[in-house]
Amino acid sequence: LTVTYNIMPRWPGNEEEQLRQMRNELAKIPLFLANDRPDVVGDRRLLRFLRGHDHNLEVAVAKFTSFLLWREANKVDSIRDDILYSGKIKSPFDFPSGSKILELVPQIVIAHD
């Protein structure tokens, strides 16, 4: 008995190819190569730009490059690291206006002492 599996590709074939092309173009940009955060430079993020611009590779690359420049200019990664890893933020109440935000957007808050 032989069992064969048809493994579905992660993304549709045309998008796999476009992701490859987009990565090749972005590889020319040092800012792209310097970022190793999957939520920033991973396939899902790149696909958002491709899909959001009707799979126009040239426009998607330009917009993604602008996105990376905006992140750098506004120190988004430093702010994110400070929130996640500094230990200063232990609950939503530690954010400026945190209690007001929680009034408007109720949620379960799990925090340690």
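Look up: the structure comes first, before these words.
Structural notes, computed from the coordinates.

Calculation rules
Residues numbered from 1 in each chain as written. Predicted model: local features only at pLDDT ≥ 70, side-chain atom pairs only at ≥ 80, totals over all residues. Heavy atoms only, no water. Helix = DSSP H or I, 4+ residues; strand = E, 2+ residues; numbered from the N terminus. Rg over C-alpha atoms; globule rule 2.2 N^0.38 Å. Buried < 20%, exposed > 50% of the residue type's maximum accessible area, 1.4 Å probe, protein only. Contact = heavy atoms within 4.5 Å. Areas by Shrake-Rupley, 256 points an atom, 1.4 Å probe, with all protein chains shown as cover. Lys, Arg positive; Asp, Glu negative; His and termini not counted. Charge placed at Lys NZ, Arg CZ, Asp CG, Glu CD. Axes fitted to C-alpha atoms, helices over the stretch in contact; angles between N-to-C directions. Parallel < 35°, antiparallel > 145°, perpendicular 65-115°, else oblique. Nonpolar A, V, L, I, M, F, W, Y, C, P; charged D, E, K, R; others polar. Patch = residues over 30% accessible without salt bridge, like charges linked within 9 Å, V, L, I, M, F, W, Y side chains within 5 Å. Salt bridge = Lys/Arg side-chain N within 4 Å of Asp/Glu carboxyl O. Left-handed = near helix turned anticlockwise from the far one by under 90°.

1. Looking at the overall build of the chain
Phase 1: A tally of regular secondary structure across the chain gives 7 helices and 0 strands.
Phase 2: Ordering the α and β elements of the chain from the N terminus gives α-α-α-α-α-α-α.
Phase 3: Taking 13 Å as the expected radius of gyration for a compact globule of 113 residues, we find that the chain reaches 20 Å, considerably beyond that expectation.
Phase 4: In terms of principal-axis extent, the alpha carbons of the chain reach across some 55 × 50 × 25 Å.
Phase 5: Per-residue burial for the chain yields a buried fraction of 27% across its 113 residues.
Phase 6: When contacts within the chain are restricted to residue pairs at least 6 apart in sequence, those whose partners lie at least 24 apart make up 49%.
Phase 7: Accessible surface, the chain: about 8,600 Å² in total, of which carbon and sulfur atoms supply 57%.
Phase 8: The average position of the 16 basic charges and that of the 16 acidic charges among the side chains of the chain differ by 1 Å.

2. Section: the packing of helix H1 (residues 13-26) against helix H4 (residues 43-52)
Two quantities define a packed helix pair, namely the angle between the helix axes and the distance between the axes.
Phase 1: Packing of H1 against H4 brings their axes to within 10 Å, and their N-to-C directions diverge by 100°. By the angle between their directions, the pair H1 and H4 is classed as roughly perpendicular. Residues Glu15, Gln18, Leu19, Met22, Arg23 and Leu26 of H1 pack against Asp43, Leu46, Leu47, Phe49, Leu50 and Arg51 of H4.
Phase 2: Taken together, the residues of the contact of H1 with H4 break down into 7 nonpolar, 1 polar and 4 charged.

3. Topic: a nonpolar patch on the surface
Phase 1: A cluster of nonpolar side chains, contributed by Ile79, Ile83, Leu84, Tyr85 and Phe95, occupies part of the molecular surface with about 490 Å² of accessible area.
Phase 2: In this fold, Ile83 is placed in helix H6 (residues 76-85).
Phase 3: The exposure class of Ile83 is partly exposed, given its relative accessible area of 30%.

4. Some thoughts on the environment of Arg44
Phase 1: Inspection of the secondary structure puts Arg44 in helix H4.
Phase 2: When its relative accessible area of 56% is taken as the criterion, Arg44 is described as exposed.
Phase 3: Each C-alpha atom, one on Arg44 and one on Leu19, is 9.7 Å from the other, the two residues being 25 residues apart in sequence.
Phase 4: Beyond its immediate sequence surroundings of up to four residues, Arg44 is in contact with Arg10 and Trp11.

5. Some points on the packing of H4 against helix H5 (residues 57-73)
Phase 1: With their axes 8 Å apart at the nearest point, H4 and H5 run at an angle of 125° to one another. The orientation of H4 with respect to H5, classified from their angle, is oblique. Here H4 and H5 pass one another in a crossing that is right-handed. The residues of H5 that touch H4, namely those facing Arg45, Leu46, Phe49 and Leu50, are Leu57, Ala60, Lys63, Phe64 and Phe67.
Phase 2: Looking at side-chain class alone, the contact of H4 with H5 contains 7 nonpolar, no polar and 2 charged residues.

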